[in-house]
Amino acid sequence: MTGIAGRFFGSALIFAVLGMSLGLVMGMTHDHAQMPTHAHFLVVGWVSFAIYGFFYHLFPETAASRLASVHFWLAEASLIVLLFGLFQIFSGNPAGDPFAAAGSIGLLTSTILFAVIAWPSLRGR
Ligand code: HEM
Ligand code: HEM
């Protein structure tokens, strides 16, 4: 895996380790307050970003476009901002709200962008 594919998969591995570590701390402390942070670390950071990595690996022509690079950076930055916001909110700090909102909108935008990038591949080659 190289290029955008490798970068998405590499970031997924980092989110997996961080998200599971958070889950482990939650389990050990019996404090599950950060469950939504843990869940999004793993289902978005690990699972979804790994799927993006495999997709770009399987369809290298889509990975070569400038849009794919925008998708990568927007998805990564948005998830980090969303996770920061969620962590603050579930630590009892409402100042995390605007971060969660901005991260959510960015992540949704990146997903729409991915749909635009991936859709033409459905027609086959
Ligand atoms: C080291 C591995 C992991 C540990 C120690 C761990 C720990 C936990 C804990 C303690 C909870 C809270 C359960 C509750 O309060 O009901 C939780 C919830 C959750 N975990 Fe994990 N987890 C791990 C791996 C994963 C992975 C790999 C995923 C997804 C790919 C995942 C997805 C979720 C989700 C979605 C929830 C929320 C479930 C719900 O809404 O009821 N976890 N996890
Ligand atoms: C724009 C992106 C997203 C936003 C704004 C968002 C928002 C939310 C919210 C508000 C909750 C409820 C949290 C609570 O009960 O306290 C939630 C839970 C959950 N979301 Fe998302 N979500 C997003 C993306 C995703 C994606 C892409 C997935 C799966 C791949 C996902 C999987 C889940 C799961 C499994 C839960 C239950 C976890 C729990 O109970 O804590 N979310 N999400």
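Residues numbered from 1 in each chain as written. Chains lettered and ligands numbered in written order. Predicted model: local features only at pLDDT ≥ 70, side-chain atom pairs only at ≥ 80, totals over all residues. Heavy atoms only, no water.

S.K.: I'd love a proper account of the site of ligand 2, names of residues and values included.
M.R.: Near ligand 2 the following residues occur: Met35, Pro36, Ala39, His40, Val43, Val44, Ser48, Phe90, Ser104 and Leu107. One of the side-chain nitrogen or oxygen atoms of His40 is found 2.9 Å away from a nitrogen atom of ligand 2. Taken together, the elements giving at least two residues each to the shell around ligand 2 come down to helix 2 (35-58) and helix 5 (97-118). The element contributing the most residues to the shell around ligand 2 is helix 2, with seven residues. Of the residues that constitute the shell around ligand 2, the class distribution is seven nonpolar, three polar and no charged. (Near = heavy atom within 4 Å. Polar contact = N/O pair within 3.5 Å; in protein donor to acceptor, adjacent residues only side chain to side chain. Helix = DSSP H or I, 4+ residues; strand = E, 2+ residues; numbered from the N terminus. Nonpolar A, V, L, I, M, F, W, Y, C, P; charged D, E, K, R; others polar.)

S.K.: With reference to specific residues and values, describe the site of ligand 1.
M.R.: Taken together, Met20, Gly23, Leu24, Met26, His32, Met35, His38, Ala39, Leu42 and Val47 make up the full set of residues adjacent to ligand 1. Between ligand 1 and His32, the relevant distance is 2.5 Å, taken from an oxygen atom to a side-chain nitrogen or oxygen of the residue. At 2.8 Å from a nitrogen atom of ligand 1 is found a side-chain nitrogen or oxygen belonging to His38. Top contributing element to the shell around ligand 1 by residue count: helix 2, with five residues. Here the residues of the shell around ligand 1 sort into seven nonpolar, three polar and no charged.

S.K.: Any chance you could break down the packing of helix 2 against helix 4 (residues 66-89) for me, citing the residues and the numbers?
M.R.: Look at helix 2 against helix 4: their axes get within 10 Å of each other, and the N-to-C directions meet at 170°. Viewed along their axes, helix 2 and helix 4 adopt a mutual orientation that is roughly antiparallel. Contacts from Pro36, Thr37, His40, Phe41, Val44, Gly45, Phe49, Tyr52 and Tyr56 of helix 2 reach helix 4 at Ala68, His71, Ala75, Glu76, Leu79, Leu83, Leu86 and Phe87. (Axes fitted to C-alpha atoms, helices over the stretch in contact; angles between N-to-C directions. Parallel < 35°, antiparallel > 145°, perpendicular 65-115°, else oblique. Contact = heavy atoms within 4.5 Å.)

S.K.: With reference to specific residues and values, describe the packing of helix 1 (residues 3-29) against helix 4.
M.R.: Packed helix pairs are specified by the crossing angle of their axes together with the interaxial distance, meaning the distance between the axes. One can describe the packing of helix 1 onto helix 4 by two numbers: an axis separation of 10 Å at closest approach and a directional angle of 15°. The pairing of helix 1 with helix 4 is recorded here as roughly parallel in orientation. Note on packing geometry: the crossing formed by helix 1 with helix 4 is left-handed. Contact with helix 1, carried on its side by Ile4, Arg7, Phe8, Ser11 and Phe15, involves Ala68, Ser69, His71, Phe72, Trp73, Ala75, Glu76, Leu79, Ile80 and Leu83 of helix 4 and no other residues of that element. Looking at the contact of helix 1 with helix 4 residue by residue, the class counts come to 10 nonpolar, three polar and two charged. (Left-handed = near helix turned anticlockwise from the far one by under 90°.)

S.K.: Which residues make up the coordination of the iron atom of ligand 1, and what are the values?
M.R.: The protein supplies the iron atom of ligand 1 with one donor atom, His38 (NE2), which lies at 2.0 Å. Relative to the helices and strands, His38 resides in helix 2. (Donors = N, O, S within 2.8 Å, 3.2 Å for Na, K, Ca; no water.)

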